[in-house]
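# Report on the structure
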Amino acid sequence: MHLTGWIELEGKKLSPEELEQVLERDPSLVSRFNGEFYLEYGTCSARDQYGIIPGPCPAGSIMCDGKAVGTVHPPCQNLPLADAIRSAIEVRSDTGITALSGGVDSALVAAVAKRPCLVVGMEGCHDIRQANEVATILDLSLHVRTVTPQDVADALPVVISLIHDPNPVDVAIGTTLYFVAETAQDLGYERILTGQGADEVFGGYARYLETPPHLLDEVFARDFDSLSRQGKRDQGIARSMGAYLSMPYLDIRVVCAAQAIPPTERVQGGVRKKPLREVASLYMPESYAYYEKKAMQYGTGIWKEIKRIARQNGYHSSVSDFITHIRRT
């Protein structure tokens, strides 16, 4: 047996010994496994429902002797959202470090997990300032990784090589996560707790405010489907550093609880991710729970630095062309 990640069955996190006993007693229970995992057992393999942990078989699939024999689909537990979020974070909090940008997504994870935190960014950037404030409010330790222009220049070829068909957005996000994973690895952590998935599950993008209510279901579904591509990008970068991202907002408990809330209530009154913010306000002052933060590539200053490096290399109007140039050299 080989396991990457962790597995939970009926609300109980399984030790390696317990997992082996389950597989020996009733291998059909693999279909009910929750967690973040790629599992090999006998001539079979399986991957968690949303494909959070990379592996050679499709997300949510059970393969034996090279053939699909079933799917991984843990049952919903029908928990209130606050309980779902708390339990999803707590089950991941026995080890690891929290990537804290200062926004509500990562702040809530940090507040519940109570793990050491880290933030990355260019000197003087928004995310470092905000993460320092949040860590102080929550009384959590925070490691600050100040990224230099040379760091970004050195990382770009590596990040671009790790992304299939990279575009400027992928490269900017990927470069940010590269520094998160590199720093976590340097600090001795394999698991990185993140707030990823919250925007797609709860409605965090500005376009949700502009979408007619009768189309929100369609937009939510499309964005949720995009998570598999994002996950492949992000976990590939983390894995190159010997780490992996752990995503409590993509726990089946949280997804089920969130999807039970109508889209028009997840985005309401000009407030994005309203149910998530309501839960966060149980753990921190409302000014932080309702704080509107820029995306990581902007808040860290890394996108701005990538554009500067592109201009410095003669690419004044197209970062895409600069990325193509790096791929060819």
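Details of the structure are given in the entry above.
Below is a summary of the structure that appears in this document. Small disclaimer: the values here were computed from a predicted structure and weren't measured.

### Here's the deal with the side chain of Asp223
Of note, Asp223 is situated in helix α9 (residues 216–225). Ignoring anything within four residues of it in the chain, the contact list for Asp223 reads Glu200, Tyr205, Arg207 and Tyr208.

### Considerations on the pairing of strand β4 (residues 44–47)
Covered by surrounding structure in β4 are Cys44 and Ala46 together with Ser45 and Arg47, the residues of both alternating faces. Strand direction decides the pairing type here: strand β3 (residues 34–41) and β4, joined by four bridges, are antiparallel. If you follow Tyr41 over to β4, its bridge partner there is Cys44. Two successive antiparallel strands, β3 and β4, enclose a turn made up of two residues, where Gly42 displays a positive phi of approximately 60°. With three bridges connecting them, β4 and strand β5 (residues 61–64) associate as antiparallel partners. Each residue of the ladder has a partner; that of Ser45, found in β5, is Met63.

### Focus on empty space enclosed by the protein
Under the definition given, this model contains one cavity of 30 Å³ or more. In this structure, the largest cavity spans a volume of roughly 60 Å³. Lining of the largest cavity is provided by Phe33, Asn34, Gly35, Phe37, Asp48, Gln49, Tyr50, Pro74, Leu250 and Ile252. For the lining of the largest cavity, the leading source of residues is β3, giving three residues. Split into classes, the residues belonging to the lining of the largest cavity amount to six nonpolar, three polar and one charged.

### What about the packing of helix α5 (residues 149–162) against helix α17 (residues 319–328)?
Across the interface, α5 lies against α17 with an axial gap of 10 Å and an inter-helix angle of 85°. What the angle tells us is that α5 and α17 run roughly perpendicular. Touching Leu156, Pro157 and Ile160 of α5 are Phe322, Ile323, Ile326 and Arg327, all from α17.

### Observations regarding the sheet that holds strand β8 (residues 117–122)
In spatial order, the strands read β9-β8-β7-β10-β11; together these five strands make up an open sheet with parallel pairing. Whereas interior strands pair on both sides, the edge strands pair on one side only; in this sheet they are β9 (142–147) and β11 (244–246). The average angle at which neighbouring strand axes cross in this sheet is 35°, direction not considered. Sitting on the sheet, helix α3 (residues 104–113) touches β7 (97–99), β8 and β10 (191–193), and the angle it makes with β7 is about 160°.

### A few points about helix α10 (residues 227–240)
Given a rise of 1.5 Å per residue, 14 residues ought to cover 20 Å, and the 20 Å separating the end C-alpha atoms of α10 matches this to within 8%. Within α10, the full set of buried residues consists of Leu227, Gly231, Arg233, Asp234, Gln235, Gly236, Ile237 and Ala238. On its buried face, α10 is in contact with α5, α6 (168–186), α7 (198–202), α9 and β11. Of the residues trailing α10, Gly242 is marked for its positive phi of about 75°.

What counts, and where the lines are drawn
Residues numbered from 1 in each chain as written. Predicted model: local features only at pLDDT ≥ 70, side-chain atom pairs only at ≥ 80, totals over all residues. Heavy atoms only, no water. Helix = DSSP H or I, 4+ residues; strand = E, 2+ residues; numbered from the N terminus. Contact = heavy atoms within 4.5 Å. Buried < 20%, exposed > 50% of the residue type's maximum accessible area, 1.4 Å probe, protein only. Pairing = 2+ DSSP bridges. 1 Å grid on protein atoms, 1.4 Å probe; cavity = no way out; pocket = protein on both sides within 12 Å on 5 of 7 lines; lining within 4 Å. Points joined across faces, edges and corners; volume = space filled by probe spheres on them. Nonpolar A, V, L, I, M, F, W, Y, C, P; charged D, E, K, R; others polar. Axes fitted to C-alpha atoms, helices over the stretch in contact; angles between N-to-C directions. Parallel < 35°, antiparallel > 145°, perpendicular 65-115°, else oblique. Expected span 1.5 Å × (residues − 1).

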